[in-house]
Amino acid sequence: MFLIAEVAQAHEGSIGIAHSYIDALAETGVDAVKFQVHIAEAESSVHEPFRVKFSTQDETRYDYWKRMEFSPEQWQELKFHCEEAGVEFMASPFSNAAVDLLEQLSVKRYKIGSGEVNNLLLLEKIAQTGKPVILSSGMSSFAELDETVSFLKKHNTYFSILQCTTSYPTHPENYGLNVIQELKERYGVTVGYSDHSARIETCIAATALGAKILEFHAVFDRKMFGPDATSSLEIQEIKQLVSAVKNIATAQAHPVDKQNNSDFKELKNIFEKSLAVNKDLPAGHIISFQDLESKKPKGFGIEASNFRNVIGKRTKQNQKKWDFLKNSDLYDE
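None of these values were measured; they are calculated from a predicted model.

Trainee: How should the overall build of the chain be read in this particular structure?
Mentor: Check the secondary structure of the chain and you find 11 helices and 11 strands. Computed over the C-alpha atoms, the radius of gyration of the chain is 31 Å, more than 25% above the 20 Å expected from 2.2 N^0.38 for a compact globule of 333 residues. Seen through its C-alpha atoms, the chain measures out along the principal axes to roughly 100 × 40 × 35 Å. Here the contacts in the chain between residues at least 6 apart in sequence split such that 65% fall between residues at least 24 apart. Element-wise, carbon and sulfur atoms account for 51% of the exposed surface of the chain, whose accessible area totals about 16700 Å². Looking at the chain, you have 37 positive and 46 negative side-chain charges, and the mean spots of the two groups are 12 Å apart.

Printed below as a string of structure tokens:
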């Protein structure tokens with residue numbers, strides 16, 4: 001299981017806040033902390049509309065991306081901080097220029113956002129690096145994914161795919177958990193889940209359904225400023241998620257053999273029961289169902305599961321209420 005906590009733009013253009021997220025997320029147990037590299041001049045224009053009109057600070061979407069930029073030196077600081085903290089530095093590029101910047105940082109792999117799946121120019125640039133790719137499928141049909149998958153295969157690019165719903169926040173009816181198996185069957189690659197639900201159960205369910213990579217947005221508080229805040233998990237929730245997911249992964253790695261219950265021999269003797277009589281019975285009494293009770297522990301009388309073999313048999317001697325009933329107490333007839 002590979003867990004990616006995405007800071008995205010939650011740092012609000014502050015390098016100090018970005019460093020704070022690395023420290024906080026490293027303590028949760030995630031494997032990677034992911035950012036987004038936006039170079040306004042390379043990826044955007046003044047004509048780009050706001051996805052969510054959240055900002056009174058930025059006159060245009062272009063201005064927002066400009067405010068989110070860090071210098072190459074600052075990105076290097078963030079990558080070094082991640083390495084010191086024991087997490088992988090990851091980033092999604094949104095332009096060829098961003099790929100050039102990330103190559104300077106020697107990133108291990110690339111994450112492709114849902115809006116870039118059909119951007120073959122960007123994918124060509126990334127494929128030329130020879131590095132693995134994690135592909136979000138949020139806005140793509142299977143037909144579009146087929147084209148991108150074919151493109152990556154022709155370039156011998158190792159890739160994995162994340163089921164993702166591009167909706168902020170994503171409601172349960174739109175999780176698309178069924179697509180996890182469909183992606184596995186269709187492409188035969190490692191499949192994961194990219195979440196925008198702001199609920200830990202979504203990724204837990206995805207894990208149980210076979211997701212091997214989980215990505216989720218992180219924020220200190222969902223009331224914070226920013227377009228992804230309401231779709232993010234808070235730090236304490238991420239800690240809970242990491243613990244739950246790792247427990248599920250451990251369970252999946254240790255399948256239980258239901259054919260073999262030898263480990264429960266002692267417990268079965270404690271919890272299972274023996275037959276007893278529920279009233280005083282005279283010698284020669286013919287046992288009926290109404291005469292029987294089951295009492296702990298097993299092994300002190302006929303096993304309760306064999307009660308049918310007792311009904312209709314006669315007692316050899318008087319039986320006291322709650323006495324265990326043994327084969328030797330009955331005539332075999």
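Structure's up, so let's keep going.
Trainee: Got a minute to help me understand the nonpolar core in this structure?
Mentor: Burial of nonpolar side chains together is a common tendency in soluble globular proteins. With 62 residues, the main nonpolar core has Leu25, Val30 and Phe89 as its most contacted residues. The residues contacting valine 30, other than those within four sequence positions of it, are Leu3, Ala5, Leu25, Val87, Phe216, Ile238 and Val242. Formed by 9 residues, the second largest nonpolar core is a distinct cluster that contains Val277, Leu281, Ile287 and Val310.

Trainee: What should I look at first to understand empty space enclosed by the protein in this one?
Mentor: Enumeration over the complete set of coordinates arrives at 1 cavity of 30 Å³ or more. Of the volumes computed, that of the largest cavity is approximately 90 Å³. Lining the largest cavity are 15 residues, with Gln9, Ala10, Gly226, Asp228 and Ala229 sitting closest to its centre. Of the residues forming the lining of the largest cavity, the biggest block, 3 residues, is contributed by strand β8 (residues 213-219). Here the residues of the lining of the largest cavity sort into 9 nonpolar, 4 polar and 2 charged.

Trainee: Is there a simple way to think about the side chain of histidine 38 in this case?
Mentor: Here histidine 38 shows up in the loop between β2 (32-37) and α2 (40-43). Here the side chain of histidine 38 touches glutamine 9 through a polar contact of 3.2 Å, side chain to side chain. In terms of polar contacts, histidine 38 uses its side chain to reach the side chain of glutamine 36, at 2.8 Å. When residues no more than four places from it in sequence are discounted, the contact partners of histidine 38 are Gln9, Glu43, Trp65, Glu69 and Phe94.

Definitions and cut-offs
Residues numbered from 1 in each chain as written. Predicted model: local features only at pLDDT ≥ 70, side-chain atom pairs only at ≥ 80, totals over all residues. Heavy atoms only, no water. Helix = DSSP H or I, 4+ residues; strand = E, 2+ residues; numbered from the N terminus. Rg over C-alpha atoms; globule rule 2.2 N^0.38 Å. Contact = heavy atoms within 4.5 Å. Areas by Shrake-Rupley, 256 points an atom, 1.4 Å probe, with all protein chains shown as cover. Lys, Arg positive; Asp, Glu negative; His and termini not counted. Charge placed at Lys NZ, Arg CZ, Asp CG, Glu CD. Core = buried A, V, L, I, M, F, W, Y, C linked by side-chain atoms within 4.5 Å. Buried < 20%, exposed > 50% of the residue type's maximum accessible area, 1.4 Å probe, protein only. 1 Å grid on protein atoms, 1.4 Å probe; cavity = no way out; pocket = protein on both sides within 12 Å on 5 of 7 lines; lining within 4 Å. Points joined across faces, edges and corners; volume = space filled by probe spheres on them. Nonpolar A, V, L, I, M, F, W, Y, C, P; charged D, E, K, R; others polar. Polar contact = N/O pair within 3.5 Å; in protein donor to acceptor, adjacent residues only side chain to side chain.

In short, shape yes, function no, at least from these values alone.
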